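The primary structure of each chain is shown beneath.
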Amino acid sequence: MPSAPSPAAPAPDRQTAPDGQSAPDRQSASDRQSDRRVVKQPPAAERVYTHVKQGVLERRYEGGTLLTEGELADAVGVSRTPVREALLKLEVEGLIRLYPKKGALVLPVSAQEIADVVETRQLVEAHAIRKAVPASPALIERLTELLAQQQEQAAAGDRAGAAVTDRCFHAEIVRSGGNEILSRLYDQLRDRQLRMGVAVMNAHPDRITKTLAEHQEILDALRSGDAEAAVSLVHRHVSWFSNLARGDVR
């Protein structure tokens, strides 16, 4: 009597997900989706704008430097069209001057610009620091943090970073007054102050030690509640920039 046929071997176990896809299929789809995810970069014109602006403010592009569209396009890895768009914006901000078929000239920091910035800072900061007294614990804590940060940057030779922190130190005092219009006005000086600050520290590397000492004096006056001393210290601190107005800072 013939024997009964053997039962068919069971098919390999294939787990099925609720959506009807097997686990391997689902994993493959997930991998494919992950492969399609790409970090989104800012628009090309914005990348060029940031590259050039940082170069000017940090003085990697010195005053008097002629930048060409081709060089900038190669540096950022874009076509020339977004370069033109970025340069037009930078010209409006007063950092460069465009010359058709030649390129963009990085404008130097002029004596008049220094004088104008110093005068504006004197008016705004004297009012702000007088209004800041008595200083809140939050303001004292924040200024202490910024001073410590600037000391570390100075010790590391990070002049560009120290210039940024210097501006933040003064901006924090202005903002503490709660006058948003005045704060916005002061913020409009940000790029000019940063560029001047880097110029000063490059031209006078020993100035950073004096700056740190003066910031400490301003902080001590705020901590003690001496408004007049604080105003006098700020006036002396900011006035030092007037020495640069004797000629262009290249």
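Residues numbered from 1 in each chain as written. Predicted model: local features only at pLDDT ≥ 70, side-chain atom pairs only at ≥ 80, totals over all residues. Heavy atoms only, no water.

(A) Molecular detail of the overall build of the chain. Within the chain, the regular secondary structure consists of 11 helices and 3 strands. Taken from the N to the C terminus, the helices and strands of the chain come in the order α-α-β-α-α-β-β-α-α-α-α-α-α-α. Looking at the chain as a whole, 40% of its 250 residues are labelled buried. In the chain, 69% of the contacts between residues at least 6 apart in sequence involve partners at least 24 apart. With the model as given, the accessible surface of the chain reaches about 14600 Å², and the carbon-plus-sulfur share is 53%. (Helix = DSSP H or I, 4+ residues; strand = E, 2+ residues; numbered from the N terminus. Buried < 20%, exposed > 50% of the residue type's maximum accessible area, 1.4 Å probe, protein only. Contact = heavy atoms within 4.5 Å. Areas by Shrake-Rupley, 256 points an atom, 1.4 Å probe, with all protein chains shown as cover.)

(B) Seen up close, the packing of helix α5 (residues 111–132) against helix α11 (residues 227–239). It is the contact of α5 with α11, at a shortest axis distance of 9 Å, that shows an interaxial angle of 160°. On the basis of their axis angle, the class for α5 and α11 is roughly antiparallel. The crossing of α5 and α11 is right-handed. Here Val118, Arg121, Gln122, Glu125, Ala126, Ile129 and Arg130 of α5 come into contact with α11, specifically with Glu228, Ala230, Val231, Val234, His235, Val238 and Ser239. Looking at the contact of α5 with α11 residue by residue, the classes come out as 7 nonpolar, 3 polar and 4 charged. (Axes fitted to C-alpha atoms, helices over the stretch in contact; angles between N-to-C directions. Parallel < 35°, antiparallel > 145°, perpendicular 65-115°, else oblique. Left-handed = near helix turned anticlockwise from the far one by under 90°. Nonpolar A, V, L, I, M, F, W, Y, C, P; charged D, E, K, R; others polar.)

(C) The packing of aromatic side chains, seen in detail. One pass over the full model with this rule turns up 0 aromatic pairs. We note Lys89 situated over the ring of Tyr49; from NZ or CZ to the ring centre the distance is 4.2 Å. (Phe/Tyr/Trp six-rings, centres within 6.5 Å; stacked < 30°, edge-to-face > 60°. Lys NZ or Arg CZ within 6 Å of the ring centre and 35° of its normal.)

(D) Expanded view of the side chain of Gln150. Among the structural elements, Gln150 can be located in helix α6 (residues 137–156). Overall, Gln150 belongs to the buried group, its relative accessible area being 1%. Separated by 3.2 Å, the side chain of Gln150 and the backbone oxygen of Ala162 make a polar contact. (Polar contact = N/O pair within 3.5 Å; in protein donor to acceptor, adjacent residues only side chain to side chain.)

(E) Local environment of the sheet that holds strand β2 (residues 96–99). Pairing within the open sheet is antiparallel, and its 3 strands lie in the order β1-β3-β2. The sheet is open, and its two borders are formed by β1 (66–67) and β2, each paired with just one other strand. As judged from the 2 bridges shared by β1 and strand β3 (residues 103–106), these two strands associate in the antiparallel manner. Within β3, the residue paired with Leu67 across the bridge is Ala104. Sitting on the sheet, helix α4 (residues 80–92) touches β2 and β3, and the angle it makes with β2 is about 130°. (Pairing = 2+ DSSP bridges.)

(F) Focus on unusual backbone geometry. With an omega of 0°, the peptide bond between Val133 and Pro134 qualifies as cis. Within the secondary structure, Pro134 sits in the loop between α5 and α6. At Lys101, a residue that is not glycine, the phi angle is positive and equals roughly 65°. Along the polypeptide, Lys101 turns up in the loop between β2 and β3. Among the residues examined, Lys101 registers a relative accessible area of 91% and is labelled exposed.

(G) Here's a closer look at α6. An ideal rise of 1.5 Å per residue puts 28 Å on 20 residues; α6 measures up with 29 Å between its terminal C-alpha atoms. Looking at α6, one finds that the buried residues are Leu139, Ile140, Leu143, Leu146, Leu147, Gln150 and Gln153. In an axial view of α6, the angular spread of the buried residues amounts to 150°, which keeps them on one side of the axis. Those residues of α6 that are exposed and aimed more than 90 degrees away from the buried face are Pro137, Ala138, Glu152, Ala155 and Ala156. Remark: Gly157 follows α6 within two positions and exhibits a positive phi of approximately 80°. (Expected span 1.5 Å × (residues − 1). Arc of directions from axis to C-beta.)

(H) Structural context of α11. Taking 1.5 Å of rise per residue, the 13 residues of α11 would be expected to cover 18 Å, and the 18 Å separating its terminal C-alpha atoms lies within 8% of that figure. Taken residue by residue, α11 has Ala227, Ala230, Val231, Leu233, Val234, His237 and Val238 as its buried positions. Angular distribution of buried residues about the axis of α11 spans 165°; they occupy a single face of the element.

Note that all results are geometric; they support no functional claim without further evidence.
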